[in-house]
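Structural characterization, general
Each chain, written out:
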Amino acid sequence: MTTAKEKGVCLLGVNIDHVATVREARKTNEPDPVWGGVEAQLGGADLITLHLREDRRHISDRDLRIMLQTVTAPLNLEMSLDEEIVSIALDSGPEMVTFVPERREEITTEGGLDVQSQVKRISEAVVRFREKGIRTSLFIDPDVEQVGASADTGADGVELHTGTYAAAGGGRRAAELEKLARAASHAREMELIVNAGHGLNYNNVSGIVVTIRPRELHIGHSIVSRSIFTGMRVAVKEMKKTILDALVSGC
Ligand code: PXP
């Protein structure tokens, strides 16, 4: 039988933003996303992901600080290119940052970063993070032009936006997978690390694992949703198993 080791790795980054969303619904101190991060790590998360938004609608500066002091898994900070957030990220020193577009009125990150129109601005940020030993990734739509522009910025990798794939039904899903596969293959030719995320759940993640073989998957909403009923450790374990099964069986 082929083992996961022979098939390569696919790490799981658990995004715990929505633990903080529940806390913020009451503006109180529970549930604590730091606790969520610890529980996710105990369930097998390879990385913990959190998004410090400019409007601080869920994750706060305190959460980032205490998470870094508490969780020993590598931390992936999602962030905009806003100077205040860039300074906080440089000072706090997560393992990696993922640059995302941010609009205050959006419910969640919509669409990927338009790298093509801001190569210089992104390159400058990439250099600042590299000087601190912090890896950079760009959250982009599965578009070969955006992949090419991402390589031009000097970033270490890209996170391919899987939201359209996740929302697509029937025949459209295969077409979205094809787009993702093309973007992943181009990114690898450009020597970029390929990650993926957004909208992934226990039912649709296998297609992504099998088709694009990302180094890391960043998954939040579906894991936090399941954790309400099963607890975080079980929810993470089940996602890890789903990913591993797809790696091993290839379907
Ligand atoms: N990757 C990025 C860049 C994101 O912005 C988000 C949402 O915060 C995710 C992954 C996780 O998406 P979801 O919560 O739909 O799993």
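Structure: see above.
Overview of the structure. This one's a predicted model, so the numbers in the text were calculated from it and none came from an experiment.

Looking only at helices and strands, the protein chain features 12 helices and 8 strands. Against the globule reference of 18 Å for 251 residues, the protein chain gives a C-alpha radius of gyration of 17 Å, in line with a compact fold. Taking all 251 residues of the protein chain together, 51% fall into the buried category. When contacts within the protein chain are restricted to residue pairs at least 6 apart in sequence, long-range pairs at least 24 apart make up 68% of them. Approximately 11400 Å² of the protein chain is accessible, and the part contributed by carbon and sulfur atoms is 52%. For the protein chain, the distance from the average site of its 30 positive side-chain charges to the average site of its 37 negative ones is 5 Å.

If you walk through the whole model with that rule in mind, you get 1 aromatic pair. Geometrically, the ring pair formed by F99 and F129 is edge-to-face, given 5.7 Å between the ring centres and 65 degrees between the ring planes. You can see F99 sitting in strand 4 (residues 96-99) and its partner F129 sitting in helix 6 (residues 119-131), a full 30 residues away along the chain. Cation over ring: R173 sits above Y165, and NZ or CZ is 4.9 Å from the ring centre. Lying across the ring of Y202, R226 places its NZ or CZ 3.5 Å from the centre.

The next thing to look at is the sheet that holds strand 5 (residues 135-140). Strand order in the closed barrel made by the 8 strands is 1-2-3-4-5-6-7-8, with parallel pairing throughout. Across the sheet, the mean angle separating the axes of adjacent strands is 25 degrees when strand polarity is ignored. Against the sheet, helix 6 makes contact with strand 3 (75-79), strand 4 and strand 5, and its axis sits at roughly 170 degrees relative to strand 4, the strand it touches most.

Let us now look at the packing of helix 10 (residues 205-212) against helix 12 (residues 232-249). In a pair of packed helices, the angle between the axes and the distance between the axes together describe the arrangement. Where helix 10 contacts helix 12, the axes come no closer than 9 Å and their chain directions differ by 40 degrees. With respect to their mutual orientation, helix 10 and helix 12 come out oblique. Considering the relative orientation of helix 10 and helix 12, their crossing is right-handed. Facing V205, S206, V209 and V210 of helix 10, the residues of helix 12 in contact are M239, T242, I243, A246 and L247.

One can find E102 in the loop between strand 4 and helix 6. In this structure, E102 is buried with no salt-bridge partner, the nearest side chain bearing the opposite charge being R53 at 4.3 Å. Within the structure, the side chain of E102 is placed 2.9 Å from the side chain of H51, a separation counted as a polar contact. A polar contact is formed between the side chain of E102 and the backbone nitrogen of E54, at a distance of 2.7 Å. Beyond its immediate chain neighbours, meaning those up to four positions away, E102 contacts H51, L52, R53, E54, D55 and S80.

What follows covers the nonpolar core. F99, L217 and I223 are the most contacted members of the largest nonpolar core, which totals 69 residues. Broken down by element, the residue count for this core peaks at 7 residues, all from helix 12. Not counting chain neighbours up to four residues away, the residues in contact with L217 comprise C10, L11, L12, G13, A196, L200, V205, I208, V209 and I243.

Attention shifts here to helix 2 (residues 17-26). Taken as a whole, helix 2 has its buried residues at D17, V19, A20, R23 and E24. Projected onto a plane normal to the axis of helix 2, the buried residues spread over an arc of 155 degrees and lie on a single side. Structural note: helix 2 exposes A25 and R26 on the side pointing more than 90 degrees away from its buried face. Contacts from the buried residues of helix 2 go to strand 1 (11-15), helix 3 (33-42), strand 2 (47-51), helix 4 (61-70), helix 11 (221-230) and helix 12. Of the residues flanking the end of helix 2, it is K27, one or two places downstream, whose phi is positive at about 50 degrees.

Rules used throughout
Residues numbered from 1 in each chain as written. Predicted model: local features only at pLDDT ≥ 70, side-chain atom pairs only at ≥ 80, totals over all residues. Heavy atoms only, no water. Helix = DSSP H or I, 4+ residues; strand = E, 2+ residues; numbered from the N terminus. Rg over C-alpha atoms; globule rule 2.2 N^0.38 Å. Buried < 20%, exposed > 50% of the residue type's maximum accessible area, 1.4 Å probe, protein only. Contact = heavy atoms within 4.5 Å. Areas by Shrake-Rupley, 256 points an atom, 1.4 Å probe, with all protein chains shown as cover. Lys, Arg positive; Asp, Glu negative; His and termini not counted. Charge placed at Lys NZ, Arg CZ, Asp CG, Glu CD. Phe/Tyr/Trp six-rings, centres within 6.5 Å; stacked < 30°, edge-to-face > 60°. Lys NZ or Arg CZ within 6 Å of the ring centre and 35° of its normal. Pairing = 2+ DSSP bridges. Axes fitted to C-alpha atoms, helices over the stretch in contact; angles between N-to-C directions. Parallel < 35°, antiparallel > 145°, perpendicular 65-115°, else oblique. Left-handed = near helix turned anticlockwise from the far one by under 90°. Salt bridge = Lys/Arg side-chain N within 4 Å of Asp/Glu carboxyl O. Polar contact = N/O pair within 3.5 Å; in protein donor to acceptor, adjacent residues only side chain to side chain. Core = buried A, V, L, I, M, F, W, Y, C linked by side-chain atoms within 4.5 Å. Arc of directions from axis to C-beta.

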